[in-house]
Amino acid sequence: MKKKVYLTRTIPEPALSILSKECDIVVNKKPSPPTKKEIITNIRNMDAILCTLSDRIDGEVMDAAGSNLKVISSYSTGYDHIDIEEANRRGIYVTFTSDILAEATADLTFALILSTARRVVEADKFVRKKHWKFGWTPNLFLGSDVNGMTLGIFGLGSIGAAVARRATGFNMKILYYNRNRVVHQLNHPIANYVDINRLLKESDFLSIHATLNKDSFHFFNEVNFRKMKKTAFLINTSRGQIIYERDLIKALKNKWISGAALDVYEKEPISSSNPLLRMKNVIILPHIGSATYQVRSKMARVAAENLLNVLKGIEPLYVVNPHLKKM
């Protein structure tokens with residue numbers, strides 16, 4: 001009998017082709033993510049679930065699945081939307097897509113650095129609204145240099161390191177801070193480790209690439225915004241809840257920092273009443289860090305193969321809780 005799999009969203013190929021050959025699949029075909037009630041209804045008697053960052057998979061969901069559920073495969077590099085402790089308690093494997101998206105996200109990060117510095121989005125809107133009247137103008141849309149400036153990286157994982165490599169082409173001074181300063185980072189060839197206060201005080205562009213945890217949650221708040229340069233730009237392509245948005249809005253209004261570029265938010269999608277949407281010195285993107293055809297396809301393949309491997313009793317490619325096999 002074929003195993004039963006529930007997919008919370010239609011994701012790119014080859015995931016559906018891979019899974020449908022060996023499993024009976026149920027797919028949420030709506031463009032919107034399923035509600036928790038819909039997940040609970042659809043996960044009953046399933047052997048596996050393939051979910052996304054939008055889906056909160058907690059103990060209540062796992063209870064609804066019953067004893068059949070063997071694996072939660074997330075179509076994402078992060079897995080903070082899944083209650084890992086509950087999965088461990090039930091003997092359910094949790095898998096993820098690792099750092100496949102690192103280079104694509106680093107590309108987008110650097111695009112945001114350049115766009116904030118040179119006011120690209122503002123200038124584009126200016127021309128489209130037919131406000132450009134005088135050709136070349138001495139003081140029109142003056143911005144900031146990128147070449148030779150200081151880039152601060154908050155979290156030097158695979159994405160942060162990829163951003164650092166790109167920054168070398170712009171002759172930037174590269175500083176980084178990690179919660180855990182591990183041995184291989186002590187002598188990083190292109191980035192210098194500094195304490196958090198120095199990172200905040202010296203960065204012209206501060207790019208967030210940390211994971212979301214109890215230490216990073218709302219780390220960027222009023223206290224730390226006040227330590228930053230008034231000319232600094234904050235870039236976030238990591239997790240929205242690392243920034244306390246209420247304090248970011250205050251920092252931008254009071255000119256404690258010069259601007260921000262965001263791909264992630266505390267609540268997604270961002271509310272239409274959020275003041276960030278009306279600020280000229282903020283670039284707003286809809287969580288597209290990994291959004292290239294090539295990367296999303298690779299992620300889909302890995303998510304499907306992770307899931308099938310567990311169902312077949314094979315070690316998955318990327319697993320959060322490999323110790324389960326020893327339990």
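What comes next concerns the included structure. Remember, predicted model here, so these are calculated numbers, not experimental data.

**Here's the deal with the overall build of the protein chain**
Point 1. Each helix and strand in the protein chain was counted, giving eleven helices and twelve strands.
Point 2. Expected size for 327 residues packed as a compact globule is a radius of gyration near 20 Å; at 22 Å, the protein chain falls within 12% of this value.
Point 3. Counting all 327 residues of the protein chain, 50% fall into the buried class.
Point 4. In the protein chain, the proportion of contacts linking residues at least 24 apart, taken out of those at least 6 apart, comes to 60%.
Point 5. A total of about 16700 Å² of accessible surface is found on the protein chain, and carbon and sulfur atoms cover 53% of it.
Point 6. Within the protein chain, the 31 negative side-chain charges are centred at a point lying 5 Å from the centre of the 47 positive side-chain charges.

**Here's the deal with unusual backbone geometry**
Leave glycine aside and you will find that most residues have negative phi; peptide bonds, for their part, are mostly trans.
Point 1. For the peptide bond that leads from glutamate 13 to proline 14, omega is 15 degrees, which places it in the cis range.
Point 2. Structurally, proline 14 is set in the loop between strand S1 (3–7) and helix H1 (15–22).
Point 3. Look at the link from glutamate 268 to proline 269: it is a cis peptide, with omega at 0 degrees.
Point 4. Despite not being glycine, phenylalanine 141 has its phi angle at roughly 50 degrees, a positive value.
Point 5. Relative to the assigned elements, phenylalanine 141 resides in the loop between helix H6 (120–128) and strand S6 (150–154).

**Description of the sheet that holds strand S4 (residues 71–74)**
Point 1. Here five strands make up an open sheet; going across it, the order is S2-S1-S3-S4-S5 and the pairing parallel. The open sheet has two edge strands with one neighbour each: strand S2 (23–27) and strand S5 (93–95). Neighbouring strand axes in the sheet, compared pairwise and without regard to direction, differ in orientation by 15 degrees on average.
Point 2. By the bridge criterion, five bridges tie S1 to S2 in an arrangement that is parallel. Each residue of the ladder has a partner; that of valine 5, found in S2, is isoleucine 25.

**Section: the nonpolar core**
Point 1. Membership of the largest hydrophobic core comes to 54 residues, with the highest contact counts inside it found for Leu50, Leu151, Phe205 and Leu307.
Point 2. If you tally residues by element for this core, the top one is helix H11 (residues 293–312), at nine residues.
Point 3. Ignoring anything within four residues of it in the chain, the contact list for leucine 307 reads Val5, Leu19, Ala48, Ile49, Leu50, Val71 and Ser73.
Point 4. Counting residues in each nonpolar core, the second largest holds 32 residues, with Phe154, Phe225, Met228 and Tyr265 among its members.

**Remarks on the environment of leucine 53**
Point 1. On the secondary structure map, leucine 53 appears in the loop between strand S3 (48–51) and helix H3 (59–65).
Point 2. Dropping the residues within four chain positions of it, leucine 53 is found in contact with Ser76, Gly78, His81, Arg239 and His287.

**As for the pairing of strand S7 (residues 173–177)**
For a regular strand, side-chain orientation follows a simple rule: the groups alternate between the two sheet faces.
Point 1. In terms of burial, S7 is largely enclosed, as four of its five residues are buried.
Point 2. Inspection of the sheet shows S6 paired to S7 by five bridges, in the parallel sense. Bridged to phenylalanine 154 within S7 is tyrosine 177.
Point 3. Traced from S6 through helix H7 (residues 158–168) to S7, the parallel crossover comes out right-handed.
Point 4. When S7 meets strand S8 (residues 192–193), the two strands line up parallel, connected through two bridges. Among the inter-strand pairings, leucine 175 is bridged to a residue of S8, identified as asparagine 192.

**Structural notes on the pattern of salt bridges**
Point 1. One pass over the full model with this rule turns up 22 salt bridges.
Point 2. Glutamate 103 is the partner of arginine 166 in a salt bridge, and the nearest nitrogen-oxygen pair spans 2.7 Å. Here arginine 166, found in helix H7, pairs with glutamate 103, found in helix H5 (residues 102–118); they are 63 residues apart in sequence, far enough to count as distant.
Point 3. Judged by relative accessible area, glutamate 103 falls into the partly exposed class, the value being 38%.
Point 4. Measuring nitrogen to oxygen at the nearest pair gives 3.8 Å for the salt bridge that ties glutamate 202 to lysine 173. Taken together, the residues glutamate 202 in helix H8 (residues 196–202) and lysine 173 in strand S7 connect sequence positions 29 residues apart.

**Considerations on a nonpolar patch on the surface**
Point 1. Taken together, the side chains of Val127, Trp132 and Leu140 make up a nonpolar region of the molecular surface, amounting to roughly 280 Å² of accessible area.
Point 2. The topology assignment puts tryptophan 132 in the loop between H6 and S6.
Point 3. The class for tryptophan 132 is partly exposed, based on a relative accessible area of 48%.

**Digging into the sheet that holds S8**
Point 1. Spatially, seven strands are ordered S8-S7-S6-S9-S10-S11-S12 in an open sheet, and the strand pairing comes out parallel. This sheet does not close on itself; its edge strands, each paired only once, are S8 and strand S12 (282–284).
Point 2. Two elements, S6 and strand S9 (residues 205–208), share four bridges in a ladder whose sense is parallel. When the sheet's bridge partners are listed, isoleucine 153 is paired in S9 with serine 207.

Quick notes on the rules
- Residues numbered from 1 in each chain as written.
- Predicted model: local features only at pLDDT ≥ 70, side-chain atom pairs only at ≥ 80, totals over all residues.
- Heavy atoms only, no water.
- Helix = DSSP H or I, 4+ residues; strand = E, 2+ residues; numbered from the N terminus.
- Rg over C-alpha atoms; globule rule 2.2 N^0.38 Å.
- Buried < 20%, exposed > 50% of the residue type's maximum accessible area, 1.4 Å probe, protein only.
- Contact = heavy atoms within 4.5 Å.
- Areas by Shrake-Rupley, 256 points an atom, 1.4 Å probe, with all protein chains shown as cover.
- Lys, Arg positive; Asp, Glu negative; His and termini not counted.
- Charge placed at Lys NZ, Arg CZ, Asp CG, Glu CD.
- Pairing = 2+ DSSP bridges.
- Axes fitted to C-alpha atoms, helices over the stretch in contact; angles between N-to-C directions.
- Core = buried A, V, L, I, M, F, W, Y, C linked by side-chain atoms within 4.5 Å.
- Right-handed = clockwise from strand over helix to strand, strands pointing away.
- Salt bridge = Lys/Arg side-chain N within 4 Å of Asp/Glu carboxyl O.
- Patch = residues over 30% accessible without salt bridge, like charges linked within 9 Å, V, L, I, M, F, W, Y side chains within 5 Å.

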